[in-house]
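Chains, contacts and geometry: an overview
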Amino acid sequence: MTPDLHPWAADLYDLYAQVWTRLVRGVRDRRAPMRHPTLATVTPDGKPQARTVVLRAADKTTGTLDIHTDLQSSKVADLRATPFAVLHVWDTGAHLQMRLEATVTILTGPDVAALWAGVPDASRQSYGSLPAPGQPIQQALDYAK
Ligand SMILES: Cc1cc2nc3c(=O)[nH]c(=O)nc-3n(C[C@H](O)[C@H](O)[C@H](O)COP(=O)(O)O)c2cc1C
C-alpha cells in the first residue's frame, strides 16, 4: 500500500518499488538488464575494481541481494577488507540507471549448505577453479574447473 505522502515523495516511493520489481525480474529473466549488474569494490590497497556478476536473488522485504562467487576471487578479498559494494546497472529500456550501495556479508560453509545443494553441477564448475580466478595464465585454457 502506498503511504499518504507529498506527490514528489509518492513518485520516489513508486521509483523505489520499480527498482525492486526490476531487481526481482533480473533474477528470473536471463535477458533482463538487472540479470548482469556490475559489482564495484575497493581493493585492500584502496583501488576501485568492477566486474560483471549474475544476480541470484533479490528480496525487497529484507532489502537483500545475493551473488554467488568463488571464495578465492579477488572480490572476496576486497570485501573482507571493506565490506561495502556498489551494484550498477543501466536499464536501457526503462532509461533508468541504478546505483545500489550495499553492505556485504560473505556467507560460506554451513550457512549456505542448503543453497549450495540447489546449485546445479554445471554451475558449480564456475567456482573453485585452479588457478584461482584473476590469476595470470600462459594460455587461454590453462585452468582446471
Ligand atoms: C556475463 C558474466 C557473468 C558473470 N557472473 C559472475 C558471477 O555471478 N560471479 C562471479 O564471481 N563472477 C562472475 N563473472 C566473472 C567476473 O566478471 C570476474 O571476471 C570474476 O569473478 C573475477 O573477478 P575478481 O577477480 O574481480 O574477483 C561473470 C562474468 C561475465 C562476463
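Every value quoted in this text rests on a predicted model; they were computed, and no experiment measured them.

**Here's the deal with the overall build of the chain**
Scanning the chain from N- to C-terminus turns up four helices and six strands. Beginning at the N terminus, the succession of helices and strands in the chain can be written as α-β-β-β-β-α-β-β-α-α. For the chain, the C-alpha atoms occupy an extent of roughly 60 × 35 × 30 Å along the three principal directions. Restricting the contact set of the chain to residue pairs at least 6 apart, pairs at least 24 apart contribute 46%.

**Regarding the site of the ligand**
By nearness alone, every residue bordering the ligand is listed as His36, Arg51, Thr52, Val53, Val54, His68, Thr69, Ser73, Ser74 and Lys75. Contact between the ligand and Val54: an oxygen atom at 2.9 Å from a main-chain N or O atom of the residue. With respect to the ligand, the side chain of Lys75 contributes an N or O atom lying 2.6 Å from an oxygen atom. Computed on the free molecule, the ligand has an accessible area of 610 Å², of which 62% lies beneath the protein chains in the complex. Of all the secondary-structure elements, those providing two or more residues to the shell around the ligand are strand S2 (48-52) and helix H2 (74-81).

**With respect to the pairing of strand S5 (residues 84-91)**
Only one face of S5 is buried, namely the one carrying Ala85, Leu87, Val89 and Asp91, since none of Phe84, Val86, His88 and Trp90 on the opposite face is buried. As paired elements, strand S1 (residues 38-42) and S5 share three bridges and run antiparallel to each other. Across the sheet, residue Leu39 finds its bridge partner in S5, namely Leu87. Where S5 lies against strand S6 (residues 96-103), eight bridges are found, and the strand directions are antiparallel. Across the sheet, the residue bridging to His88 is Arg99, located in S6. From the end of S5 to the start of S6, which pair antiparallel, there are four residues, and His95 there has a positive phi angle of about 55°.

**Description of the UniProt feature "domain: Pyridoxamine 5'-phosphate oxidase Alr4036 family FMN-binding" (unreviewed entry) in the chain**
Taking the UniProt record as the reference, the feature "domain: Pyridoxamine 5'-phosphate oxidase Alr4036 family FMN-binding" (unreviewed entry) is found at residues 20-107. The straight-line gap between the two end C-alpha atoms of residues 20-107 is 23 Å; of that span, 19% is helix and 36% is strand.

Calculation notes
- Residues numbered from 1 in each chain as written.
- Predicted model: local features only at pLDDT ≥ 70, side-chain atom pairs only at ≥ 80, totals over all residues.
- Heavy atoms only, no water.
- Helix = DSSP H or I, 4+ residues; strand = E, 2+ residues; numbered from the N terminus.
- Contact = heavy atoms within 4.5 Å.
- Near = heavy atom within 4 Å.
- Polar contact = N/O pair within 3.5 Å; in protein donor to acceptor, adjacent residues only side chain to side chain.
- Areas by Shrake-Rupley, 256 points an atom, 1.4 Å probe, with all protein chains shown as cover.
- Buried < 20%, exposed > 50% of the residue type's maximum accessible area, 1.4 Å probe, protein only.
- Pairing = 2+ DSSP bridges.
- UniProt positions renumbered as here; feature names shortened; annotations may be inferred.

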